[in-house]
Amino acid sequence: QVQLVESGGGLVQPGGSLRLSCAASGIIFSIYAMGWYRQAPGKQRELVAAIAGGGNTNYADSVKGRFTISRDNAKNTVYLQMNSLKPEDTAVYYCNGKSPFTTVNDYWGQGTQVTVSS
C-alpha cells in the first residue's frame, strides 16, 4: 500500500518559516520524482516545487528564493523549507509522487494546512 503522509503545517506570521515533511512508503522512493503542490480555497491546485530522484529541482516563480525542496532517500522523505512566508502562501499543501512507469498514476498525500496570518 502506497502512502504519502505530510506533516509540519501550521499557523505562522508573515515573514516566518515552516518546514513541511512528506514520508513515503510502498514505493521505491529514490526513483520517484517528488513534488509539493498547494491549493487555496476556490483556486486550482498548483505546483510549488519538484525534485527528481537525482536531485534536480524546479520551483514556481512565486516561491523562488523563498522555498527549498529537498529529499532524504535514506529516510524516504521529501521536505519543503518555506521561508519569508506571505499571506498568499496560505493553502493546503500536498505531497506528490510521480512513478517512473507511465502506466502508474501519481500518488498524493492527504495534505497539510499552512496558514500565514498576523
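Coordinates for the structure precede this section.
Visitor: Any chance you could break down the sheet that holds strand 1 (residues 3-7) for me, citing the residues and the numbers?
Guide: Here 4 strands make up an open sheet; going across it, the order is 1-3-8-7 and the pairing antiparallel. Two strands bound the open sheet, and with one partner strand each, they are strand 1 and strand 7 (67-72). Taking each pair of neighbouring strands and ignoring which way they run, the sheet shows an average axis angle of 15°. In terms of strand pairing, strand 7 meets strand 8 (residues 77-82) through 6 bridges, oriented antiparallel. Residue pairing across strands places Ser70 opposite Tyr79, the latter belonging to strand 8.

Visitor: Outline the nonpolar core, supporting the account with residue identities and numerical values.
Guide: Counting 27 residues, the largest nonpolar core has Trp36, Val78, Leu80, Met82 and Tyr93 as the members making the most contacts within it. Of all the secondary structure elements, the ones that give two or more residues to this core are strand 3 (18-25), strand 4 (33-39), strand 5 (46-51), strand 7, strand 8, strand 9 (91-98) and strand 11 (112-116). Here this core gets 4 residues from one element, more than from any other, and that element is strand 3.

Visitor: So, the packing of aromatic side chains: which residues are in play, and what are the values?
Guide: The full count for this structure, using the stated rule, is 2 aromatic pairs. Their ring planes at 65° and their centres at 4.9 Å tell us that Tyr37 and Trp108 sit as a pair that is edge-to-face. In this pair, Tyr37 sits in strand 4 while Trp108 sits in strand 10 (residues 107-108), placing the two residues 71 residues apart along the sequence. Take Tyr37: its relative accessible area is 14%, and that puts it in the buried class. Residue class for Trp108 comes out partly exposed when judged on its relative accessible area of 35%. In this structure, Arg45 is placed above the aromatic ring of Tyr94, and the distance from its NZ or CZ to the ring centre is 3.8 Å.

Visitor: Outline the pairing of strand 5, listing residues and values.
Guide: As paired elements, strand 4 and strand 5 share 5 bridges and run antiparallel to each other. When the bridges of strand 5 are listed, Gly35 appears paired with Ala50. Counted between consecutive antiparallel strands, the loop separating strand 4 from strand 5 contains 6 residues, among which Gly42 sits at a positive phi close to 75°. As judged from the 3 bridges shared by strand 5 and strand 6 (residues 57-59), these two strands associate in the antiparallel manner. Bridging from a neighbouring strand, Ala49 pairs with Tyr59 of strand 6. Between the antiparallel neighbours strand 5 and strand 6 lie 5 residues, among them Gly55 with a positive phi of about 110°.

What counts as what
- Residues numbered from 1 in each chain as written.
- Predicted model: local features only at pLDDT ≥ 70, side-chain atom pairs only at ≥ 80, totals over all residues.
- Heavy atoms only, no water.
- Pairing = 2+ DSSP bridges.
- Helix = DSSP H or I, 4+ residues; strand = E, 2+ residues; numbered from the N terminus.
- Axes fitted to C-alpha atoms, helices over the stretch in contact; angles between N-to-C directions.
- Core = buried A, V, L, I, M, F, W, Y, C linked by side-chain atoms within 4.5 Å.
- Buried < 20%, exposed > 50% of the residue type's maximum accessible area, 1.4 Å probe, protein only.
- Phe/Tyr/Trp six-rings, centres within 6.5 Å; stacked < 30°, edge-to-face > 60°.
- Lys NZ or Arg CZ within 6 Å of the ring centre and 35° of its normal.

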